[in-house]
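Breakdown of the fold
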Amino acid sequence: MPGRGGTELAGRVRTVSPLLPVLLMTGYTEEAITRTGERPLDEQIIEKPFTLSTMLEKIPTALATKPR
């Protein structure tokens, strides 16, 4: 997304729908995102490349995570 990151978009959407589950997709490792402070703690991350089975594991976790 030119000029906008996924965490920013998730934050904007949550102003309208605060309970919306979020699954961030990234090419960076989860460690790198957490280290930079750009990852809200209540959002799930899936790292690219990923398999269909990994995505199918992450989606229920994201749906079950309650936003803070």
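These numbers were taken from a predicted model, which means no experiment stands behind them. Counting restarts for each chain, with residues numbered from 1 along the sequence as it is written. At least 70 in pLDDT is required for a residue's local features to be given in this predicted model, at least 80 for side-chain atom pairs to be given and counted, and no such filter applies to totals for whole chains, interfaces and linings, which use all residues. Only hydrogens and water are set aside when side-chain values are computed; all heavy atoms of the structure are taken into account.

**A word on unusual backbone geometry**
Backbone torsion omega between Lys48 and Pro49 reads -10°, so that peptide bond is classified as cis. The way it works is that DSSP assigns letters per residue, a run of H or I at least four long becomes a helix, a run of E at least two long becomes a strand, and they are numbered from the N terminus. Note that Pro49 resides in the loop between strand E2 (44-47) and helix H3 (52-64).

**Structural notes on the pairing of strand E1 (residues 23-26)**
Side chains Leu24 and Thr26 of E1 all project onto a buried face; the interleaved residues Leu23 and Met25 project onto a face where none is buried. Any two strands with at least two DSSP bridges between them are considered paired. Across 4 bridges, E1 lies against E2 in parallel orientation. Following the sheet pairing, Met25 is matched in E2 by Ile46. Here's how the labels work: a residue is buried when its accessible area is under 20% of the maximum for its type, exposed when over 50%, partly exposed in between, all with a 1.4 Å probe on protein chains only.

**So, a nonpolar patch on the surface**
What goes into a patch is any residue over 30% in relative accessible area without a salt bridge, connected to like charges within 9 Å or, for nonpolar side chains (Val, Leu, Ile, Met, Phe, Trp, Tyr), within 5 Å. Areas reported here follow the Shrake-Rupley algorithm with a probe of radius 1.4 Å; residue values treat only the protein chains shown as occluding. Any carboxyl oxygen of Asp or Glu that lies within 4 Å of a side-chain nitrogen of Lys or Arg is treated as forming a salt bridge with it. Together, Leu52, Leu56, Ile59 and Leu63 make up a nonpolar patch on the protein surface, roughly 390 Å² of accessible area in all. Along the chain, Leu56 turns up in helix H3.

**A closer look at the pattern of salt bridges**
For the structure on display, the rule yields 1 salt bridge. A salt bridge links Glu8 to Arg12, with the nearest nitrogen and oxygen atoms 3.5 Å apart. With Glu8 and Arg12 both in helix H1 (residues 6-16) and 4 residues apart, this pair spans about one turn of that helix.

**Examining the confidence of the model for the chain**
Within a predicted model, pLDDT stands for the predictor's per-residue confidence, ranging from 0 to 100. Mean pLDDT over the chain works out to 81, with 78% of the residues at or above the 70 mark. Confidence scores differ between elements of the chain, with helix H2 (residues 30-36) showing the lowest mean pLDDT of 65 and H3 the highest of 94.

**Topic: the environment of Lys66**
Tracing the chain through its elements places Lys66 in the segment after H3. A residue is classified by how much of its surface remains accessible, and Lys66, at 63% relative accessible area, is exposed. Between the C-alpha atoms of Lys66 and Leu20, which are 46 residues apart in sequence, the distance is 8.6 Å.

**Concerning the side chain of Gln44**
Summarising the element assignment, Gln44 is placed in strand E2. Polar contact criterion, stated in full: a pair of N or O atoms within 3.5 Å, where within protein one must be able to donate a hydrogen and the other to accept it, and residues adjacent in sequence count only if both atoms are side-chain atoms. Of the polar contacts made by the side chain of Gln44, one reaches the side chain of Thr65; its length is 3.3 Å.

**Focus on the environment of Ala64**
Within the fold, Ala64 resides in helix H3. Looking at Ala64, the relative accessible area reads 54%, which means it is exposed. Linking Ala64 and Pro21, residues 43 residues apart in sequence, is a C-alpha distance of 7.8 Å.

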